[in-house]
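Listed here are the chains, written in short residue letters.
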Amino acid sequence: MQPFTMLVIEQIKAIPPGKVMTYGGIAAAAGSPRAARQVVRILHSMSSKYQLPWHRVVNAKGEIALRDDEARFLQQSLLEDEGVTVSWDGRIDLSVYGA
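Every value quoted in this text rests on a predicted model; they were computed, and no experiment measured them. (Residues numbered from 1 in each chain as written. Predicted model: local features only at pLDDT ≥ 70, side-chain atom pairs only at ≥ 80, totals over all residues. Heavy atoms only, no water.)

**Quick look at helix α4 (residues 69–81)**
For step 1, the next point in the chain: If you check α4, its first and last C-alpha atoms are 18 Å apart, about what 13 residues at 1.5 Å a residue would give, namely 18 Å.
For step 2, the next point in the chain: At the C-terminal side of α4, glycine 83 shows a positive phi close to 95 degrees. (Helix = DSSP H or I, 4+ residues; strand = E, 2+ residues; numbered from the N terminus. Expected span 1.5 Å × (residues − 1).)

What follows is the structure in structure tokens.
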């Protein structure tokens, strides 16, 4: 496993319940601020294997980025269960809930 991948996994695991982090924020914390798309790939391919809290990762605007309605609803439900307020259009206030 590449060092960047390991750092991304550690960053995602470290997001506490009730908080979110952006793809770009995770990439920057892992040492490569321009690698947000790589974070997306890592999250997609390794969430199950490493039991990552995938639902705590949002896009740079604080939006749930999933397009599939069922997956969007699941992510919103998991976040709300942790006390995160999600607006009607799927946005999370990063100034309040950002890790």
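There is more to say after this.
**Quick look at the packing of helix α1 (residues 3–13) against helix α3 (residues 36–46)**
For step 1, the next point in the chain: It is at 10 Å that the axes of α1 and α3 come closest, and there the two elements cross at 75 degrees. Considered as vectors, α1 and α3 are oriented roughly perpendicular to each other. Between α1 and α3, the residues in contact are Phe4, Thr5, Val8, Ile9 and Ile12 and Gln38, Val39, Ile42, Leu43 and Met46, respectively.
For step 2, the next point in the chain: For the contact of α1 with α3, the class distribution of residues is eight nonpolar, two polar and no charged. (Axes fitted to C-alpha atoms, helices over the stretch in contact; angles between N-to-C directions. Parallel < 35°, antiparallel > 145°, perpendicular 65-115°, else oblique. Contact = heavy atoms within 4.5 Å. Nonpolar A, V, L, I, M, F, W, Y, C, P; charged D, E, K, R; others polar.)

**Regarding the nonpolar core**
For step 1, the next point in the chain: Formed by 17 residues in total, the largest nonpolar core has its most connected members in Phe4, Val8, Ile12, Ile26, Val39 and Val57.
For step 2, the next point in the chain: Only α1, α2 (23–29) and α3 provide two or more residues apiece to this core.
For step 3, the next point in the chain: Of all hydrophobic cores here, the second largest spans eight residues; its members include Ile64, Leu79, Val84 and Val86. (Core = buried A, V, L, I, M, F, W, Y, C linked by side-chain atoms within 4.5 Å. Buried < 20%, exposed > 50% of the residue type's maximum accessible area, 1.4 Å probe, protein only.)

**Focus: unusual backbone geometry**
For step 1, the next point in the chain: Although it is not a glycine, glutamine 51 adopts a positive phi angle of roughly 50 degrees.
For step 2, the next point in the chain: The residue glutamine 51 is located in the loop between α3 and β2 (57–58) in this model.
For step 3, the next point in the chain: Judged by its relative accessible area of 69%, glutamine 51 falls in the exposed class.

Don't take any of this as a statement about function, it's just geometry.
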